[in-house]
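Listed below, chain by chain, are the residues.
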Amino acid sequence: MSGTDRWKLITHAVREAGRLGVAELAALTGASEMTIRRDLDALARQGVLERYRGGARSLVPRGEEEPFAARAREGNAAKARIAAEAAALLADGEAVVLDSGTTCVEVARALAGRRLTVMPLSLHAAHVLTERYEGVEPPATRLLLPGGEPRPGELALTGPLTETSLAALRFDTAVLGCCGLTAADGLTAYDLADAAVKRAAIASARRVVAVTEGAKLSRTALAHVVPASALHTVVTDEDAPPEEVAALTAAGVTVLTVTGAESG
């Protein structure tokens, strides 16, 4: 088992159990107790869990969103394929508002250097987009930064300054992440301020594209954002439940599913 897979397994096991001891995690992963102690120390430094003598406890109650650092290590290949498919939907010259979240950071990587106007709603995505600025005069990508207060870890920009920035502009496309999406409950988020920003982005865009791992198509989070019918396209992966894909399609949403092969 690779170190990344072991960290993912530890994170989910501790979250589900609430707390687990070093010996239990060693038995679960097949790693030595010394390796598990090092893993727990590293995960604690990233704010994923809390260490105590002999084990670790979760910092995230079940039903709440995992920390950004934990999510950023999960499903990166699938997120990159989803991002590439979403980027292919955008034509050069478009004005795009790009949501926060780990999948949207991958979309930022796919868009960097393209002839687009992009407003990123997280500092993580803004950093990715500005990496292509150095040495390019003028840069191909026009970057607009909203106001707002960054949430710790996620670095998503929220609050009235963010919402006012969005209300002042009109975008061709809003690319949104989500915490949950079902045909019955629509697009949902864990954070109320994040939900408000998503609604503001949708109100300012002609087209809405949601990007999400398939597992989230069976989840409903706390804060309702919009009904599923407000979305034009959903880009997801092969883990999406077929019955949920069918229900979204019946609601008038175009669902694009990428697979382990190169998407196109």
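To start, this report covers the structure provided alongside it.

1. Re the pattern of salt bridges
Point 1. Scanning the model with the defined rule gives 10 salt bridges in all.
Point 2. A salt bridge links Asp172 to Arg206; the nearest nitrogen and oxygen atoms lie 3.3 Å apart. Within this pair, whereas Asp172 is found in strand 9 (residues 171-176), its partner Arg206 is found in strand 12 (residues 205-211), the two being separated by 34 residues in sequence.
Point 3. Residue classification places Asp172 among the partly exposed residues on the basis of a relative accessible area of 24%.
Point 4. A relative accessible area of 65% means that Arg206 is categorised as exposed.
Point 5. Overlapping salt bridges, with partners in common, bring together Asp99, Asp194 and Lys198 in one network.

2. Focus: helix 7 (residues 123-130)
Point 1. Among the residues of helix 7, those classed as buried are Ala125, Ala126, Val128 and Leu129. Seen from one end, helix 7 has its buried residues packed into an arc of 160 degrees, which puts them on one side.
Point 2. Summarising the contacts, the buried residues of helix 7 are in contact with strand 4 (95-98), helix 6 (102-111), strand 5 (117-120) and strand 6 (142-143).

3. Observations regarding the side chain of Glu94
Point 1. Within the secondary structure, Glu94 is located in the loop between helix 5 (76-88) and strand 4.
Point 2. Note on Glu94: relative accessible area 11%, which makes it buried.
Point 3. For Glu94, the side chain forms a polar contact with the side chain of Thr173, separated by 2.7 Å.
Point 4. Looking at Glu94, its side chain comes within polar contact range of the side chain of Arg207, at 3.3 Å.
Point 5. Those residues within four positions of Glu94 in sequence are excluded, and the remaining contacts are Leu89, Arg115, Leu116, Thr117, Asp172, Thr173 and Arg207.

Reading the values: the criteria
Residues numbered from 1 in each chain as written. Predicted model: local features only at pLDDT ≥ 70, side-chain atom pairs only at ≥ 80, totals over all residues. Heavy atoms only, no water. Salt bridge = Lys/Arg side-chain N within 4 Å of Asp/Glu carboxyl O. Helix = DSSP H or I, 4+ residues; strand = E, 2+ residues; numbered from the N terminus. Buried < 20%, exposed > 50% of the residue type's maximum accessible area, 1.4 Å probe, protein only. Arc of directions from axis to C-beta. Contact = heavy atoms within 4.5 Å. Polar contact = N/O pair within 3.5 Å; in protein donor to acceptor, adjacent residues only side chain to side chain.

Shape descriptors only; they carry no functional weight alone.
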